Protein chains: 2
Amino acid sequence: MLSKSAEYALRATIYIALKGSEDNKLGIDEIATAIDSPQSFTAKILQLLTKNNGVVSSVRGPNGGFYLTDAARKLPVRAVLEAVGEDGIITKCVLGLKECSESRPCPMHEQYRYIKAQLRQMFEKTTIQDLANESGKGKIVINNRQIKTK
Amino acid sequence: MLSKSAEYALRATIYIALKGSEDNKLGIDEIATAIDSPQSFTAKILQLLTKNNGVVSSVRGPNGGFYLTDAARKLPVRAVLEAVGEDGIITKCVLGLKECSESRPCPMHEQYRYIKAQLRQMFEKTTIQDLANESGKGKIVINNRQIKTK
DNA sequence: ATAAATAAAGACTATTTTATCTTTTTTCAA
DNA sequence: TTGAAAAAAGATAAAATAGTCTTTATTTAT
Ligand code: FES
Ligand code: FES
């Protein structure tokens with residue numbers, strides 16, 4: 001479905017939205033641990049997210065780290081996918097034809113178009129903050145470990 | 001979305017369903033040309049489809065080639081995905097968590113579950129023959145070339 | 001029986017994706 | 001103004017996917 005890069009990008013962004021802020025920046029070690037992802041690889045992905053679409057903000061040095069601006073929180077989830085070059089899921093043909101269109105539909109197009117429209121809707125209408133809110137709820141999880149009993 | 005293997009597998013299967021039969025078996029060269037796929041690689045994929053789930057049938061030697069049995073035509077499209085090990089699209093978590101369940105949902109689960117259900121429905125309720133029928137209609141295409149003006 | 005046609009099998013190569021490690025730059029605090 | 005903390009940048013490595021090529025086995029027709 002999505003690449004590892006996209007999965008880590010989404011999980012990391014959600015975690016930063018949930019736990020970080022301009023005066024509580026999060027370090028790469030904390031983030032990678034929190035979302036069960038390889039640290040150095042996640043660092044690369046966060047670089048992409050800071051460079052593209054302004055999804056994530058960062059500052060270096062002591063007390064530096066990653067956080068989201070208020071504007072970033074309002075971005076659609078699609079902005080995260082785009083930042084890591086993974087929005088093909090809502091643009092491409094399910095059978096891999098070079099274009100997906102009504103004028104040259106593949107045999108699955110008629111059925112898939114509705115699903116594709118819903119995927120697009122989901123990724124475009126949902127904001128990063130929406131996911132963070134969701135994530136704040138009771139049993140919602142973002143990693144592969146046991147639910148925190150706290 | 002899907003791997004190249006899965007895309008070629010679907011396109012090849014549809015083409016064989018459409019043009020082949022027990023007494024008109026299709027050669028790998030014809031198939032690969034018809035669906036715009038790399039020939040040797042497509043051959044490998046057809047091997048998988050003949051070994052797994054009985055999706056495709058084949059015979060070697062002169063007048064040999066690939067075709068679909070009547071039983072195969074009635075298989076759900078999912079059988080093709082399974083045969084190439086690509087049914088994760090209807091089983092896995094969109095954020096890459098190890099399990100997707102109501103008891104440990106990720107922040108996108110609530111929204112994605114409906115889409116996932118529709119994907120499953122599409123791949124399980126649609127048969128290979130259904131796609132071939134679709135493909136027989138006017139403008140439906142299965143490769144990247146111009147529409148045959150005939 | 002032999003030769004030709006064909007898929008199957010296996011070995012190999014190339015490319016992309018995933019992941020790690022090292023060095024550099026920036027920032028802050030002492 | 002120096003040292004440490006952090007991300008950025010860059011180089012490298014490993015693994016997975018995509019793709020090719022060669023050899024073998026099977027089948028058919030002569
Ligand atoms: S053309 Fe294949 S999904 Fe639209
Ligand atoms: S848990 Fe993520 S989609 Fe179900």
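Keep in mind that this is a model prediction, so the values were computed, not measured.

K.L.:
Even after reading the chapter, I still don't get the relation of the copies chain A and chain B, so can you show me in this structure?
P.N.:
Note that the two copies of the chain are related through a rotation about an axis and a translation along the same axis. Overlaying chain A with chain B gives an RMSD of 0.0 Å, the required rotation being 180° about an axis along which the chain moves by 0.0 Å. A rotation of that kind, with that shift, is consistent with a two-fold axis. The rotation axis passes nearest to the C-alpha of M1 of chain A in chain A, at a distance of 2.2 Å. Taken together, the interface assignments show that 100% of the residues at the interface of chain A recur at the interface of chain B, consistent with an identical surface on both copies.

K.L.:
Is there a simple way to think about the protein's contact with DNA strand C in this case?
P.N.:
Near DNA strand C, the surroundings consist of 27 residues, among which K4, P38 and P62 of chain A together with K44 and S58 of chain B are the closest. Counting only atoms of DNA strand C within 4 Å of the protein, the sugar-phosphate share comes to 61%. Note that a phosphate oxygen of DNA strand C is positioned 3.3 Å from one of the side-chain N or O atoms of S5 of chain A. A distance of 3.2 Å is found between a phosphate oxygen of DNA strand C and a side-chain nitrogen or oxygen belonging to Y8 of chain A. At the level of elements, α1 (4-19) and α3 (39-51) of chain A together with α3 (39-51), β1 (57-59) and β2 (65-67) of chain B are the ones that each hand at least two residues to the surface near DNA strand C. Ranked by the residues each element gives to the surface near DNA strand C, the list is headed by α3 of chain B, at 4 residues. Broken down by class, the residue content of the surface near DNA strand C amounts to 9 nonpolar, 12 polar and 6 charged.

K.L.:
Please explain the interface of chain A and chain B as it appears in this structure.
P.N.:
Many analyses report the size of an interface as the accessible area lost when the parts associate. Taken together, the 40 residues of chain A in the interface contact 40 residues of chain B. For the pair chain A and chain B, the summed buried area comes to about 3,800 Å², and 64% of that belongs to carbon and sulfur atoms. Its largest share of buried area at the contact with chain B, chain A owes to M1, R104 and P107 of chain A, together 19% of the area lost on that side. Seen at the junction of chain A and chain B, the total is 0 salt bridges. The tally of links from chain A across to chain B stands at 13 residue pairs in polar contact (both at pLDDT 80 or more). Going through the elements one at a time, α1, α6 (109-125) and α7 (128-136) of chain A are the ones with two or more residues in the side of chain A that touches chain B.

K.L.:
Please explain helix α6 (residues 109-125) of chain B as it appears in this structure.
P.N.:
Along an α-helix, residues three or four apart share an orientation, since each turn contains 3.6 residues. Compared with the 24 Å implied by 1.5 Å per residue over 17 residues, the 23 Å span of α6 of chain B between its first and last C-alpha is a close match. Every buried residue of α6 of chain B is listed here: H109, Y112, I115, K116, L119, M122 and F123 of chain B. The arc that holds the buried residues of α6 of chain B, viewed along the axis, is 140°, so those residues lie on one side. For α6 of chain B, the secondary structure elements touched by its buried residues are α6 of chain A together with α5 (77-83) of chain B.

K.L.:
Looking at this structure, how should I read the protein's contact with DNA strand D?
P.N.:
Residues in contact with DNA strand D amount to 26 residues; listed here are only the nearest, K44, S58 and R60 of chain A together with P38 and P62 of chain B. Close to the protein, within 4 Å, the atoms of DNA strand D are drawn from sugar and phosphate at a rate of 61%. G61 of chain A is positioned such that a nitrogen or oxygen atom in its backbone is 3.4 Å from a sugar or linking oxygen of DNA strand D. Residue Y8 of chain B places a side-chain N or O atom 3.2 Å away from a phosphate oxygen belonging to DNA strand D. Taken together, the residues that form the surface near DNA strand D break down as 9 nonpolar, 11 polar and 6 charged.

K.L.:
How should I be thinking about the nonpolar core in this particular structure?
P.N.:
Generally speaking, nonpolar side chains in soluble globular proteins are found buried as a group. One finds L49 and L119 of chain A together with L49 and L119 of chain B to be the most contacted residues of the largest nonpolar core, which totals 92 residues. Discounting chain neighbours no more than four positions away, the residues touching L119 of chain A are M1, I89, I90 and Y112 of chain A together with Y112 and I115 of chain B.

K.L.:
Which parts of the structure should I look at to understand the side chain of R11 of chain A?
P.N.:
Position of R11 of chain A among the secondary structure elements: in helix α1. In this structure R11 of chain A is buried but unpaired, with E7 of chain A as the nearest side chain of opposite charge at 4.7 Å. Side-chain polar atoms of R11 of chain A contact the backbone oxygen of D36 of chain A, separated by 3.4 Å. For R11 of chain A, the residues in contact, after removing those within four places along its chain, are I35, D36 and I142 of chain A together with L95, G96 and L97 of chain B.

Rules of the game
- Residues numbered from 1 in each chain as written.
- Chains lettered and ligands numbered in written order.
- Predicted model: local features only at pLDDT ≥ 70, side-chain atom pairs only at ≥ 80, totals over all residues.
- Heavy atoms only, no water.
- Least-squares fit on C-alpha atoms with pLDDT ≥ 70 in both.
- Contact = heavy atoms within 4.5 Å.
- Near = heavy atom within 4 Å.
- Polar contact = N/O pair within 3.5 Å; in protein donor to acceptor, adjacent residues only side chain to side chain.
- Helix = DSSP H or I, 4+ residues; strand = E, 2+ residues; numbered from the N terminus.
- Nonpolar A, V, L, I, M, F, W, Y, C, P; charged D, E, K, R; others polar.
- Buried area = accessible area lost by both parts, 1.4 Å probe.
- Salt bridge = Lys/Arg side-chain N within 4 Å of Asp/Glu carboxyl O.
- Expected span 1.5 Å × (residues − 1).
- Buried < 20%, exposed > 50% of the residue type's maximum accessible area, 1.4 Å probe, protein only.
- Arc of directions from axis to C-beta.
- Core = buried A, V, L, I, M, F, W, Y, C linked by side-chain atoms within 4.5 Å.
- Lys, Arg positive; Asp, Glu negative; His and termini not counted.

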